[in-house]
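# Reading the structure
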Amino acid sequence: MLIKRRRTWELPETATTPEGIYRQRRQFMQYAGAGSLLLFSGGVLAGCGEAAPPAGAAAGESSSAINDPSAGLYPVPRNEAFQVARAITDENLATTYNNFYEFGSSKTIWSAASKLKLRPWTVAIGGAVEKPQEIAIDDLLARVPLEERVYRLRCVEAWSMVVPWSGFQLSHLLKLAQPLSSARYVRFTTAEQPDVMRGLRASWYPWPYQEGLTMEEAGHELAFMATGIYGKPLPPQNGAPLRLVVPWKYGFKSIKSVVAIDFVEQRPTTFWEAIAANEYGFWANVNPEVPHPRWSQASERVLGTKEEVPTQLFNGYAEEVAGLYAGLDAQSERLFM
Ligand code: MTE
């Protein structure tokens, strides 16, 4: 008899009403004024409203997505080991309510993002690796096992979604990259396409968007590279064609539209950390007991519902990932901010 150990994210589906017709617009990090970031703005704003659905905005309906040569790869088989106890967020909500600052600080960037050029698209793998290489996205997709996983997504702004990502475990890419033993961190970099990314004109932001993980975090089975969503290729607004998903950390760690992956010895300074290190640190692990300096993280709004539920340590993945941080000095490392 097969006795399957139930993991913390494998709770049975609740009776949560599936997402309906609501469309929500979130205000995550909207600076009140141009100029020198927090000095002028006083930080970021948190907000979340609902608005009428934009027509034809669902994943796969943007011009880039329609021409996506990887479309035939989807849907991919769901890995049932990765489930969530809540209903999956409505596709139209998850694909029309986005943060992608390269296209602007509004949450309705899906239309502007549809202009993102998805091919040719290469990913440069470099730094402390056996052999630096540039790999075309479609070659990469052919070399990794694609699967679907349902993960929680918890934004630092205290709202959450449940998303079915397609893609591959990041550890497959680590094997492909063959990092040297000197590598301690992985640094990810987002594409810069100034002709379509109007947000890049906001010169006070430290472009390009970069994020980082320790090698141990990157090698964890939950760390995932998304290439699709809702059984289709990722639409540009969600980070096509390649995007990191780290479900136990706040959403800003999940960097979109990745073009470079470097293995480095020094901890990289990440995009939001460069802007406000006291609010958006390198670790950014979800913890209901560690408030953001300007708001509580004790609970979260489940987008598309009227529900407000308690936030979970490591966003519900504590049993799986807490060990990653056991050897770290929580006094000197701000693991939860
Ligand atoms: N990646 C890039 N390159 N640029 C961004 O502005 N926003 C981050 C993250 N990745 C962002 C990014 C933030 S703040 C969040 S909450 C998530 O993407 C949102 O992902 P979603 O739009 O797919 O929900």
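What counts and how
- Counting of residues starts from 1 at the beginning of each chain's written sequence and follows it residue by residue.
- Per-residue local features of the predicted model are confined to residues with pLDDT of at least 70, and side-chain atom pairs are confined, for both listing and counting, to 80 or more; whole-chain, interface and lining totals are unaffected and use all residues.
- Side-chain figures throughout are based on the complete set of non-hydrogen atoms in the structure, without hydrogens or water.
- Here's how the labels work: a residue is buried when its accessible area is under 20% of the maximum for its type, exposed when over 50%, partly exposed in between, all with a 1.4 Å probe on protein chains only.
- Secondary structure elements follow DSSP: runs of H or I of four or more residues count as helices, runs of E of two or more count as strands, with numbering from the N terminus.
- In summary, the pairing rule links any two rings of Phe, Tyr or Trp, Trp by its six-membered ring, whose centres are within 6.5 Å, and it sorts them by plane angle into stacked for under 30 degrees, edge-to-face for over 60 and tilted for everything else.
- The rule for a charge over a ring is simple: NZ of Lys or CZ of Arg within 6 Å of the ring centre, and within 35 degrees of the ring normal.
- Two strands are said to pair when DSSP picks up at least two bridges between them.
- Here a cavity denotes a set of grid points, spaced 1 Å apart and computed over the protein atoms alone, in which a 1.4 Å probe fits but from which it cannot get out, and a pocket denotes an open set meeting protein on both sides within 12 Å along at least five of seven lines; residues with an atom within 4 Å of a point are reported as lining.
- Grid points are joined across faces, edges and corners, and a volume is the space filled by probe spheres set on the points.
- Only Asp, Glu, Lys and Arg are considered charged, only Ala, Val, Leu, Ile, Met, Phe, Trp, Tyr, Cys and Pro nonpolar, and every remaining residue, Gly among them, polar.

## Re helix α6 (residues 170-177)
What sets the pattern is the α-helix's 3.6 residues per turn: residues three or four places apart point alike. Taking burial as the measure, the eight residues of α6 include six buried ones, the bulk of the element. Along α6, the positions that sit buried rather than exposed are Leu170, Ser171, Leu173, Leu174, Leu176 and Ala177. Once α6 ends, the next one or two residues include Gln178, with phi positive near 50°.

## Description of the packing of aromatic side chains
What the rule picks out here adds up to 21 aromatic pairs. Aromatic side chains Phe252 and Tyr280 sit 5.6 Å apart centroid to centroid with 85° between the ring planes, which places their arrangement in the edge-to-face category. Here Tyr280 lies in the loop between α8 (271-275) and β13 (299-302) and Phe252 lies in the loop between β11 (243-245) and β12 (258-264), a separation of 28 residues in the sequence. The pair formed by Phe252 and Tyr280 is uniform in burial state, with each residue classed as buried. Members of the aromatic cluster, each reached through a chain of ring pairs, are Tyr101, Trp204, Tyr205, Trp207, Tyr209, Phe252, Phe271, Trp272 and Tyr280. Lying over the aromatic face of Phe282, Lys253 brings its terminal NZ or CZ to 4.3 Å of the ring centre.

## A look at the pairing of strand β4 (residues 133-136)
By the bridge criterion, four bridges tie strand β3 (residues 122-127) to β4 in an arrangement that is antiparallel. Bridge pairing in β4 links Val123 to Ile135. Between β3 and β4, which follow one another and run antiparallel, lie five residues.

## Topic: empty space enclosed by the protein
Enumeration over the complete set of coordinates arrives at three cavities of 30 Å³ or more. Size it by volume and the second largest cavity reaches roughly 50 Å³. Lining the second largest cavity we find Val156, Tyr250, Glu279, Val290, Pro291, His292, Gln297, Phe336 and Met337. By residue class, the composition of the lining of the second largest cavity is six nonpolar, two polar and one charged.

Purely geometric numbers; function is a separate question.
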